[in-house]
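Each chain is listed here by its residues.
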Amino acid sequence: MKITLFIPCFIDQFYPEVGVSVVKVLEKLGHEVEYPAGQTCCGQPAFNSGLWAEAREVAAHALDVFEGADVIVTPSGSCGAMMRVFYPKLFEGTPRHQQACRLAAKVYEFSEFLVKKLGVTDIGASFSGRATFHDGCHGLREMGIRDEPRQLLKNVRGLELVELDPPEVCCGFGGTFAVKYPMISSAMGESKCEAVVATGADYLISLDSSCLMHIQGLLEKQGRKVRCLHLAEVLAANL
Amino acid sequence: MSTSAQIFRQNATRWAGDVEHRHRIEKALRGYEIKRDEYKGRFQSWAEARRAAAAVKFEVINHLDKYLEQFVKNIEARGAKVFWASDAREAREYILQVARDNKAQFIIKSKSMTTEEIHLNEALQEAGFEVFESDLGEFIVQLREEPPYHIVFPAMHLTRGQISDVFQKKLQAEPVQDPEALTMIARRLMRQKFCRADMGISGVNFGVAETGMISITENEGNARLTTALPRIHVAVMGIEKLVRSMDDLALFLPMLATAGAGQHLTCYNTLYGGPRLAGESDGPVQFHLVLLDNGRTRILADSEQRDALHCIRCGACLNVCPIFRNIGGHAYGVTYQGPIGSVITPHLRGLLEYKHLPFASSLCGACTETCPVGIDLAHHLLQNRRNAVAQKPPLLDKILFFGFKLLMKKPWLYRFGMGMARLLQPLHELIKGTALDPMRPWTKTRQTPKFARKSFRAWWQARNPQS
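Because the structure is predicted, anything quoted here is derived from the model rather than measured. (Residues numbered from 1 in each chain as written. Chains lettered and ligands numbered in written order. Predicted model: local features only at pLDDT ≥ 70, side-chain atom pairs only at ≥ 80, totals over all residues.)

### Brief notes about the overall build of chain A
So, point 1. Helix and strand content of chain A: 13 helices and eight strands.
So, point 2. For a compact globule of 239 residues, the expected C-alpha radius of gyration is about 18 Å, and chain A comes in at 17 Å, within 12% of that figure.
So, point 3. Judged by the C-alpha coordinates and their principal axes, chain A covers about 50 × 45 × 25 Å.
So, point 4. A buried classification covers 59% of the 239 residues belonging to chain A. (Helix = DSSP H or I, 4+ residues; strand = E, 2+ residues; numbered from the N terminus. Rg over C-alpha atoms; globule rule 2.2 N^0.38 Å. Buried ≥ 20, exposed ≤ 12 C-beta atoms within 10 Å, placed from the backbone.)

This is the structure:
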C-alpha cells in the first residue's frame, strides 16, 4: 500500500524522531511511504482560536497537497482529528466541502492505521522498562482511538504497561489554551504529572507529541526523571 | 478585555494555584464518578437511554411552541396562574408583585438555579422581604453570602470545619463537626421557618406537557415543604424544561439522578399540578408558574446550538470538566458554571462580554462524552469562539494568525521561518523567564522544547534526494 505521511509542523521541527520512527515501522511492514514536501500545518491553531477564515486558507493548502493521496497517516490524534472531524465543518457551505470530506475519509492516526487498516498489533518491537499511557483527548474522543495503542503496546517485548489513575483525563495542553490560560493549563498538567509519577513508570507514552511537549516541560521543571515518548518511537526502538 | 474576563482570569489563576482546593474537589468527584458508573450500569443500555433522551428533547425543543401551549393550557385548567417572562426583570417584578399583593413577609425557597439566574433573592431582600433557602447546601452558601459553587452541589467546596464555623458565627450553634449533628442544627431551624413562611418559591426540573404538571427532584424533602406549607407557591421554570409525557419522565428522572448525583433515583420526586382544589385539605391556595425566556429563544433561533436547550441541568459536564475541577465553580462568576455555562452564558448575557468562557477550555470533549442528553458541548465552545471573533476580531490574534497563515501557505516561507526560529532559539535562552520573554506564559511552569538539529523534512530530503 502506498502511504502518504502527514508529519505535523511541530513534529517536523521539534520531534523529527517521531516521524522517522513512523517511516521505519511502516517500511518494516513492507509499505511504500511518501512525504509530500509541500505540507506544513493542518491549521488547527487558527481554527481553535476562532479564526476560521485563516484556518480555511491553511487547510485549503493541505487539501491541495494531499489531493492525490490514497491514505494519509499522521502520528497525531489531534491533527488527525482536525483533518477528519473538523475539515468538513470548516469547509461547510464552501466549494471545497466535497474535497474536505474526501480527504477526511482518507485520514488515519498512526496506531489506528496499524491496527484497524493493516490489522497489525504486533510488529515485533522490544523496549524494556515500565511505562504508562496518556490518551490525547482528540484521538480519544474525536477519533475514537482507545484500544489500538494499548494492543500495540501489549505486544512490545520487555515493556510493562501500567494504566494511569484516573485514566482519560486531559493533560491541560489544549493548543493556544496553554498560553492563553497558563495557570489553568499548568494546574491540569500538574494533576497529570502526579498521576504519572504515582504509577512509578519510567516512560510516559502517547499518540500526541503536543500533549507530551506540555507534560515533559512540566516534569522537567519539577526535576522528574520520567521520559516522554511517542508510541512510534517505542515501536521503532529496535529498528 | 471585558470586566468579566479580567475578573475570571484573576479568580481562575488564584483557584488553579490552590492545590488543597483541587484535591478536595477531586476527591469529592471521584466518589461521584464511582456511584454514577454503578447506576449507569443499572440501565439496560445507558447509550440507548442517552439516544432516547436526546431524541425526546430534540422533538420538544424543535416544537417548543406546540408543547408549551399544551403544557400551559393543561396547568391553567387546574387553576394555576401562568406568567410569561421575557427577561429576568419581568420575572422578578411579577414575583415581587405577587408577594406584595398577598402581603407576604417571609419567603422560603427550595433549590432553583433559575431563580439564581434572575437574581431573585437580592431583589426580594431589597424590597424588604425575608428570604430563606431550605436546601441544605443552598442554606449554607446563603449564610456565607456566596453564590452556589455548583449547579447541583452548591456547597461542595466547603469542609465540615468551614460549615461548622459559619453555623457558629451566624446561628450561634455549638461547635460540632459531625455531618449528622450539623444537619440537625439546620433542620431544627428550618422546621420553624417552614411553619412561618407565607410564600414558597421553587424551581422546576421538568414540565410535563400532556398532564400540565411540574416535576421537582430532590433529596431532602425541603421542596415538598416549600411547595405545600405556605399559602402561595411560585414555581420558576425556563421555557426549555419540558418533556412530552409521563413516559418521558420515566426515562428522565433516573437519568437526571444518575448523571447528576450518582443516584438511581433521588429520594423525592414529586409532581405538582396547581393550587389546592375545592374539597382538598392541603396544598397552596395560589399557584403561580413563571415561564422564563431570558435569552433562551436566542439559543432556539441558533440552529447550530439549539441542542444546548436540551440541558436538564444535571451538572454532569461540570463534574467531568478538568477546567472546573481545577478552578472550581466560583471562578466563573456566572450562574451556570462549567461547559454548559460556557456554551449558554454568551447567549444569555452577551457574547463579547463572556467570550472568555468558551476560550478557557482545552476542548478535551469530556463534557460531550458525558452529557446524558447528547449536547455537543465541546464543538459549541468552538462555535462560540468563531462567533466571538466574527463579531469583534481580536487585533493581536489577527496579526499573529495573519503571519501564521502566510507561513503555512507557502512551504518555502515555512522552511525559512522555521530556520530563522532555530537560529534565534539560543537568543531566547538569554531572556527566558525574564519580563522580556514573549514565551513567559509557557516558560514560567514548563521547559521549552528545543528545535531538533535536523528537521524531519531535512532527514527525508537527505534520504530521498530525488523526491
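Continuing now.
### With respect to the sheet that holds strand 8 (residues 242–243) of chain B
Strands in a sheet are paired, the pairing made by backbone hydrogen bonds, and the direction either parallel or antiparallel.
Residue and element names in this part refer to chain B.
So, point 1. Across the sheet, which stays open at both edges, the four strands sit in the order 8-5-6-9 with mixed pairing between neighbours. The outermost strands of the open sheet, each flanked by one partner alone, are strand 8 and strand 9 (268–272).
So, point 2. Here strand 5 (residues 206–208) runs beside strand 8; their pairing, made up of two bridges, is parallel. Bridge pairing links Val208 to Val243 in strand 8. (Pairing = 2+ DSSP bridges.)

### Notes on the sheet that holds strand 4 (residues 199–202) of chain B
Residues and elements named next belong to chain B.
So, point 1. In space, the six strands of this open sheet follow the order 1-10-7-4-2-3, with parallel pairing throughout. Either end of the sheet is taken by a strand with one partner, and the two such strands are strand 1 (81–85) and strand 3 (130–133). Each strand axis lies, on average, 20° off the axis of its neighbour in the sheet, ignoring direction.
So, point 2. Summarising the sheet, strand 7 (residues 232–238) and strand 10 (residues 286–292) pair through seven bridges and their orientation is parallel. If you follow His233 over to strand 10, its bridge partner there is Phe287. (Axes fitted to C-alpha atoms, helices over the stretch in contact; angles between N-to-C directions.)

### A closer look at the packing of helix 16 (residues 338–349) of chain B against helix 20 (residues 377–391) of chain B
Any two packed helices are characterised by the angle at which their axes cross and by the distance between the axes.
All names here are of chain B.
So, point 1. Close contact between helix 16 and helix 20 brings their axes to 9 Å; oriented N to C, the two are set at 35°. For the pair helix 16 and helix 20, the crossing hand works out as left-handed. In this structure, helix 16 contributes Pro339, Ile340, Ser342, Val343 and Pro346 to the contact, and helix 20 contributes Leu377, His380, Leu381 and Asn384.
So, point 2. Looking at side-chain class alone, the contact of helix 16 with helix 20 contains six nonpolar, three polar and no charged residues. (Left-handed = near helix turned anticlockwise from the far one by under 90°. Contact = placed C-beta atoms within 7 Å. Nonpolar A, V, L, I, M, F, W, Y, C, P; charged D, E, K, R; others polar.)

### Things to note about the packing of helix 3 (residues 46–62) of chain B against helix 12 (residues 246–261) of chain B
Residue and element names in this part refer to chain B.
So, point 1. Two numbers describe how helix 3 lies on helix 12: the axes approach to 10 Å, and their chain directions differ by 125°. If you check the angle between helix 3 and helix 12, you find them oblique. Here helix 3 runs over helix 12; the crossing is left-handed. Residues Ala49, Ala52, Ala53 and Val56 of helix 3 form the contact with helix 12, whose own contacting residues are Asp248, Leu251, Phe252 and Met255.
So, point 2. Counted by class, the contact of helix 3 with helix 12 contains seven nonpolar, no polar and one charged residues. (Parallel < 35°, antiparallel > 145°, perpendicular 65-115°, else oblique.)

### Description of the environment of Ala209 of chain B
Residues and elements named next belong to chain B.
So, point 1. The residue Ala209 is located in the loop between strand 5 and strand 6 (213–218) in this model.
So, point 2. We classify Ala209 as buried; it has 24 C-beta atoms within 10 Å.
So, point 3. Sequence-wise, Ala209 and Val72 are 137 residues apart; in three dimensions their C-alpha atoms are separated by 7.7 Å.
So, point 4. Those residues in contact with Ala209 that lie beyond four places of it in its chain are Tyr67, Gln70, Phe71, Leu242 and Arg244.

### A few points about the interface of chain B and chain A
So, point 1. Taken together, the contact between chain B and chain A spans 49 residues of the former and 51 residues of the latter.
So, point 2. Secondary-structure elements contributing two or more residues to the side of chain B that touches chain A are helix 1 (3–16), helix 15 (322–327), helix 19 (366–370), helix 20, helix 21 (395–409), helix 22 (411–431), helix 23 (440–443) and helix 24 (456–463) of chain B.
So, point 3. Among the elements that make up the side of chain B that touches chain A, the one with the highest residue count is helix 21 of chain B (six residues).

### Examining the environment of Lys454 of chain B
So, point 1. Mapped onto the elements of the fold, Lys454 of chain B is located in the loop between helix 23 and helix 24.
So, point 2. Overall, Lys454 of chain B belongs to the partly exposed group, with 13 C-beta atoms counted inside 10 Å.
So, point 3. Each C-alpha atom of the pair Lys454 of chain B and Tyr94 of chain B lies 71 Å from the other, and the pair is 360 residues apart in sequence.
So, point 4. Residues within four places of Lys454 of chain B in sequence aside, it is in contact with Pro16 of chain A together with Trp459 of chain B.

### A closer look at the environment of Val204 of chain B
So, point 1. Structurally, Val204 of chain B is set in the loop between strand 4 and strand 5.
So, point 2. Excluding its chain neighbours within four sequence positions, the residues that come into contact with Val204 of chain B are Ile214, Ile216, Ala235, Met237 and Lys241 of chain B.

### What to know about the domain arrangement of chain A
Residue and element names in this part refer to chain A.
So, point 1. Its domain assignment divides chain A into domain 1 (2–116) and domain 2 (122–235).
So, point 2. Computed from C-alpha atoms alone, the centre-to-centre distance between domain 1 and domain 2 is 21 Å.
So, point 3. Domain 1 puts 30 residues into the contact, and the matching count from domain 2 is 23 residues.
So, point 4. Listing elements by their share of the side of domain 1 that touches domain 2, those giving two or more residues are helix 1 (9–14), helix 2 (16–28), helix 3 (44–48), helix 5 (77–90) and helix 7 (110–117).
So, point 5. Taken together, the residues of the side of domain 1 that touches domain 2 break down into 15 nonpolar, nine polar and six charged. (Domains from an automatic or database assignment.)

### Details of unusual backbone geometry
So, point 1. That bond from Asp165 of chain A to Pro166 of chain A is cis: its omega, 0°, falls within 30 degrees of zero.
So, point 2. Tracing the chain through its elements places Pro166 of chain A in the loop between strand 6 (157–162) and helix 10 (177–180).
So, point 3. Phi is positive for Glu168 of chain A, close to 60°, though the residue is something other than glycine.
So, point 4. Counting through the fold element by element, Glu168 of chain A comes out in the loop between strand 6 and helix 10.
So, point 5. In the Ramachandran plot, His119 of chain B falls in the positive-phi region, its phi being about 50° despite a non-glycine side chain.
So, point 6. Within the fold, His119 of chain B resides in the loop between helix 6 (113–117) and helix 7 (120–126).

### Brief notes about helix 1 of chain B
So, point 1. Over its 14 residues, helix 1 of chain B runs 20 Å from end to end, which matches the ideal 20 Å to within 8%, given 1.5 Å per residue.
So, point 2. Within helix 1 of chain B the residues assigned to the buried category are Ser4, Phe8, Ala12, Trp15 and Ala16 of chain B. All buried residues of helix 1 of chain B lie within an arc of 90° about the axis, which places them on one face of the element. Along helix 1 of chain B, the residues that are exposed and aim more than 90 degrees away from the buried face are Thr3, Gln6 and Gln10 of chain B.
So, point 3. Summarising the contacts, the buried residues of helix 1 of chain B are in contact with helix 11 (182–198) of chain A together with helix 2 (19–40), helix 15, helix 17 (351–354) and helix 18 (356–359) of chain B. (Expected span 1.5 Å × (residues − 1). Arc of directions from axis to C-beta.)

### Regarding the confidence of the model for chain B
So, point 1. In the predicted model, chain B carries a mean pLDDT of 96, and 100% of its residues have values of at least 70.
So, point 2. In the predicted complex, the global pTM is 0.96; the interface-specific ipTM is 0.96. (pLDDT = per-residue confidence, 0-100.)

### Considering the pairing of strand 7 (residues 203–206) of chain A
Residues and elements named next belong to chain A.
So, point 1. Of the two faces of strand 7, the one carrying Tyr203 and Ile205 and the one carrying Leu204 and Ser206 are both buried.
So, point 2. Bridge count for strand 5 (residues 126–134) against strand 7 is four bridges, and the pairing is parallel. Across the sheet, residue Phe133 finds its bridge partner in strand 7, namely Ile205.
So, point 3. Alignment of strand 7 against strand 8 (residues 227–230), held across four bridges, turns out to be parallel. Paired with Tyr203 across the strands is Arg227, a residue of strand 8.

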